[in-house]
Amino acid sequence: MSPSSKDRLLTTLLQALAAVVGLLVLLIFAFLIRESTPAMTQVGLSRFVADESWHPSADAAHGSFNLLPILAGTLLTSAGAILVAAPLGIFSAVFCQLYAPPSLGWLYRRMIELMAGVPSVVYGLWGLVVLVPWIAALHPPGPSLLAGIMILALMILPTVALLADAALASVPREYLQGAAALGLSRNTTTCQILLPAARSGLVTAVILALVRAIGETMAVLMVCGNVVRMPASLFDPVRTLTSTIALEMGYARDDHRAALFACGLVLLVAVAVLIVFAELFSRRKTHAAA
Amino acid sequence: MSQQLMKFHLLLAVLLLWLVAGCGLSGSGQSDSDAETTRITLTGSSTIAPLANEIGKRFEAQHPHVRVDVQTGGSSRGVADVRRGLASIGMVSRELAERESDLQNFTIARDGVCLIVHESNPIESLTDEQVVAIYSGQADNWQDVGGSDAAITVVNKAEGRSTLELFCSYFKLDSKTIQADVVIGDNEQGIKTVAGNPGSIGYVSIGSAEFNREHGVPIKLLPIAGIAPSQARVADGSFPLARPLNLVTRETPTGVVQQFIEFAQSAEVHDLVEELSFVPLQ
């Protein structure tokens, strides 16, 4: 086998594998659209926002399908989690890059990686037996939007911290050396040079963490209370799209099942939109550099 | 160059493995259907599924040519699958409805549902009217039903669960009118939720509740209509909030399916029934 023919073979092979992966994503999209079509035709988009409650049934005429409180649940838990996790993650990355001695920074990074590897159900169990009773003592019932936000924040913190760390590490060293040569303080270097230079990477880190928060199921299911109702305060229970699917899928038939697939479709579209945003931000950086 | 070659070989190996794994998966289905293996498929109630699994394992050990395949999806799915012929046996964890009288029904055990509160709650019993008041949101403080001054946290089951159906039909509640503070999936989650919140009330399987109570989980089982919840009361049929665990078939069962159902009803599996905190039939 000559080197050039090997090269061709490898190229073909890689193209085929890439095509398989790309095709998988398209198939998932197509499958979700096909499975949720009955919900779109039988129930109709308007009923997903106008019905009085979420009491789906196998027969569209008898159920009610208001998805808004569930959508709000997903948005509120994810947004809350990112509000908590983003500053913590980004500033811990700054600490790691600028302030920590290299050995401590190394140890710190390994610990964050370990944290990223803890299975979500473990966080959920901890939330259920420790965090929820704490919140219940503070303000009953306990399983609540607040519990969901805190558990999710804990889970996405390593994602933000590691990606932000990588973004800060990719800032050209000359910038920092230049700042040092100008005699700038560490504070000024951080706020005026490091963070603005790494901005696109930091935004990507936050968006990817947000994607993870939106998709998280098990831990959220265990601590959020899962009542379908617009929460009036942090202590009210909420239901997310993912936990709706997990709780009801086993029992759902026909139009109810289709409505759950519609939930899945909404999730996928939300994630797709966020990924497009992340991509736009990282593009902007490349153009600025060029 | 040699490194590149190695990478290339590695890639090939991965691809081959993938293909082999793919073939293996699709192949295993074939090898089962040929030869003399008979497959019994059970679908339905997630309450019965663990029991059916254990019974199936024991049945397989006695009948090497039989495979017992258990899938969950709720009692309604059990009924639907049996009607459509997708499953040989359906698992239904409630009394069959009138419109389901076309099916053959075999009860293998009973399960009771009881109300639980936190151990520290001074309430010793609730009347049916008080339970209805709590679950429909008319009473939201334990003071309203003779307890101490604390907010009531109402723990309810997720829509579609047969425990919820049983609870609603006994107390004549409409699931849409229940004002829940927490919605849970399975019994364990319900027990952990109540154990973690002194003001809460929930309902779970008596078997699970007794098991957890004996192992020191701080919950209290409340009587219903004056009858204390216990396995014995469920077995003799005097406990009101109880349900049968049924196996259903479309036609009168024959062959291995008949053997399996007879086996599941026999005293040979009573230890399995009790192990899963259900109550065997007398």
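Quantities reported herein were computed from a predicted structural model and do not represent experimental measurements.

Visitor: Any chance you could explain the overall build of chain B here in plain terms?
Guide: A count of helical and extended segments in chain B gives 10 helices and 10 strands. A buried classification covers 51% of the 282 residues belonging to chain B. With an accessible surface of roughly 13100 Å², chain B has 52% of that area assigned to carbon and sulfur atoms.

Visitor: Just to check I follow, could you spell out the overall build of chain A for this structure?
Guide: Scanning chain A for helices and strands turns up 12 helices and 2 strands. Listed by position from the N terminus, the elements making up chain A come as α-α-β-β-α-α-α-α-α-α-α-α-α-α. Based on the C-alpha atoms only, the size of chain A along its principal axes is roughly 70 × 65 × 30 Å. Scored against the burial criterion, the 290 residues of chain A give a buried share of 45%. Across chain A, every contact between residues at least 6 apart in sequence was considered, and the portion connecting residues at least 24 apart equals 71%. Accessible surface for chain A amounts to roughly 14300 Å². Of this, 71% is attributable to carbon and sulfur atoms.

Visitor: Hey, could you run me through the interface of chain B and chain A in this one?
Guide: You'll often see interface size given as the accessible area lost when the parts meet. Across the boundary between the two partners, chain B contributes 31 residues, which contact 31 residues of chain A. Of the roughly 2700 Å² buried between chain B and chain A, counting both surfaces, carbon and sulfur atoms make up 66%. Counting across the interface, chain B meets chain A through 4 residue pairs in polar contact (both at pLDDT 80 or more). Among the secondary structure elements, those contributing two or more residues to the side of chain B that touches chain A are helix 1 (2-33), helix 3 (75-84), strand 6 (182-184) and helix 6 (187-195) of chain B. It is helix 1 of chain B that provides the largest number of residues to the side of chain B that touches chain A, a total of 5 residues. Considered class by class, the residues forming the side of chain B that touches chain A number 12 nonpolar, 13 polar and 6 charged.

Visitor: Can you help me understand a nonpolar patch on the surface in this one?
Guide: Where nonpolar side chains cluster on the molecular surface, the patch consists of A:Val20, A:Leu23, A:Leu24, A:Val25, A:Leu26 and A:Leu27 and spans about 550 Å² of accessible area. With respect to the helices and strands, the residue A:Leu27 is situated in helix 1 (residues 3-43).

Visitor: Honestly, the pattern of salt bridges in this entry has me stumped. Any pointers?
Guide: Side chains carrying opposite charge are able to pair once their charged atoms draw close together. This model, assessed by the stated rule, comprises 19 salt bridges over all chains. When the shortest N-O distance is used, the salt bridge between A:Glu35 and A:Arg34 registers 2.9 Å. On the basis of relative accessibility, which here comes to 13%, the residue A:Glu35 falls in the buried class. Taking relative accessible area as the criterion, A:Arg34 reaches 57% and is therefore assigned exposed. B:Glu54 serves as the salt-bridge partner of B:Lys57, at 3.4 Å between the closest nitrogen and oxygen. Note that B:Lys57 and B:Glu54 are positioned in helix 2 (residues 49-62) at a spacing of 3 residues, about one turn of the helix. Classification of B:Glu54 by relative accessible area gives partly exposed; the value is 27%.

Visitor: Just checking my understanding: could you explain the nonpolar core for this structure?
Guide: Note on soluble globular proteins: their nonpolar side chains tend to be buried together. Core analysis: the largest hydrophobic core is formed by 63 residues, its most contacted members being A:Phe48 and A:Trp54. It is helix 6 (residues 145-169) of chain A that provides the largest number of residues to this core, a total of 13 residues. Apart from the residues lying within four places of it in its own chain, the contact partners of A:Phe48 are A:Ala39, A:Val43, A:Phe65, A:Asn66, A:Leu67, A:Leu68, A:Ala259 and A:Ala262. Membership of the second largest hydrophobic core comes to 51 residues, among which are B:Val117, B:Val155, B:Val194 and B:Val234.

Visitor: Looking at this structure, how should I read the environment of A:Leu145?
Guide: All names here are of chain A. Summarising the element assignment, Leu145 is placed in helix 6. Under the relative-accessibility criterion, Leu145 is labelled buried at 6%. For the pair formed by Leu145 and Met222, sequence separation is 77 residues and the distance between their alpha carbons is 12 Å. Those residues in contact with Leu145, other than ones at most four positions away along the chain, are Leu76, Thr77, Pro231, Ser233, Leu234, Asp236, Pro237 and Val238.

Visitor: Is there a simple way to explain unusual backbone geometry in this structure?
Guide: In terms of backbone geometry, most residues other than glycine have negative phi values and most peptide bonds are trans. Backbone geometry at A:Asn226 places phi at a positive 60°, although glycine is not the residue there. With respect to the helices, strands and loops of the structure, A:Asn226 is situated in the loop between helix 10 (218-223) and helix 11 (241-248). Assessed through its relative accessible area of 0%, A:Asn226 is described here as buried. We note that B:Lys172 has phi near 55°; this positive angle belongs to a residue other than glycine. Within the fold, B:Lys172 resides in the loop between helix 5 (162-171) and strand 6. Residue classification places B:Lys172 among the exposed residues on the basis of a relative accessible area of 72%.

Visitor: Can you walk me through the pairing of strand 7 (residues 200-205) of chain B in this structure?
Guide: Within a regular strand, the side chains alternate between the two sheet faces. Residues and elements named next belong to chain B. Of all 6 residues in strand 7, 6 are buried; the element is thus mostly enclosed. Note: strand 4 (residues 104-118) against strand 7, 5 bridges, orientation antiparallel. Looking across to strand 7, one finds that Val117 is bridged to Ile201. Inspection of the sheet shows strand 5 (residues 153-157) paired to strand 7 by 2 bridges, in the parallel sense. Pairing of Thr153 across the sheet is with Ser200, part of strand 7.

Visitor: Quick question: what am I supposed to make of the side chain of A:Glu35 here?
Guide: Residues and elements named next belong to chain A. Relative to the helices and strands, Glu35 resides in helix 1. A polar contact is formed between the side chain of Glu35 and the side chain of Arg257, at a distance of 3.0 Å. The residues touching Glu35, leaving out its near neighbours within four places in the chain, are Arg257, Ala258 and Phe261.

Visitor: Whenever I open this one, the pairing of strand 2 (residues 66-72) of chain B confuses me. Can you help?
Guide: Residues and elements named next belong to chain B. Alignment of strand 1 (residues 38-44) against strand 2, held across 7 bridges, turns out to be parallel. Looking at the pairing, Thr38 lines up with Val66 of strand 2. One crossover worth recording links strand 1 to the parallel strand 2 by way of helix 2, and it is right-handed.

Cut-offs and rules
- Residues numbered from 1 in each chain as written.
- Chains lettered and ligands numbered in written order.
- Predicted model: local features only at pLDDT ≥ 70, side-chain atom pairs only at ≥ 80, totals over all residues.
- Heavy atoms only, no water.
- Helix = DSSP H or I, 4+ residues; strand = E, 2+ residues; numbered from the N terminus.
- Buried < 20%, exposed > 50% of the residue type's maximum accessible area, 1.4 Å probe, protein only.
- Areas by Shrake-Rupley, 256 points an atom, 1.4 Å probe, with all protein chains shown as cover.
- Contact = heavy atoms within 4.5 Å.
- Buried area = accessible area lost by both parts, 1.4 Å probe.
- Polar contact = N/O pair within 3.5 Å; in protein donor to acceptor, adjacent residues only side chain to side chain.
- Nonpolar A, V, L, I, M, F, W, Y, C, P; charged D, E, K, R; others polar.
- Patch = residues over 30% accessible without salt bridge, like charges linked within 9 Å, V, L, I, M, F, W, Y side chains within 5 Å.
- Salt bridge = Lys/Arg side-chain N within 4 Å of Asp/Glu carboxyl O.
- Core = buried A, V, L, I, M, F, W, Y, C linked by side-chain atoms within 4.5 Å.
- Pairing = 2+ DSSP bridges.
- Right-handed = clockwise from strand over helix to strand, strands pointing away.

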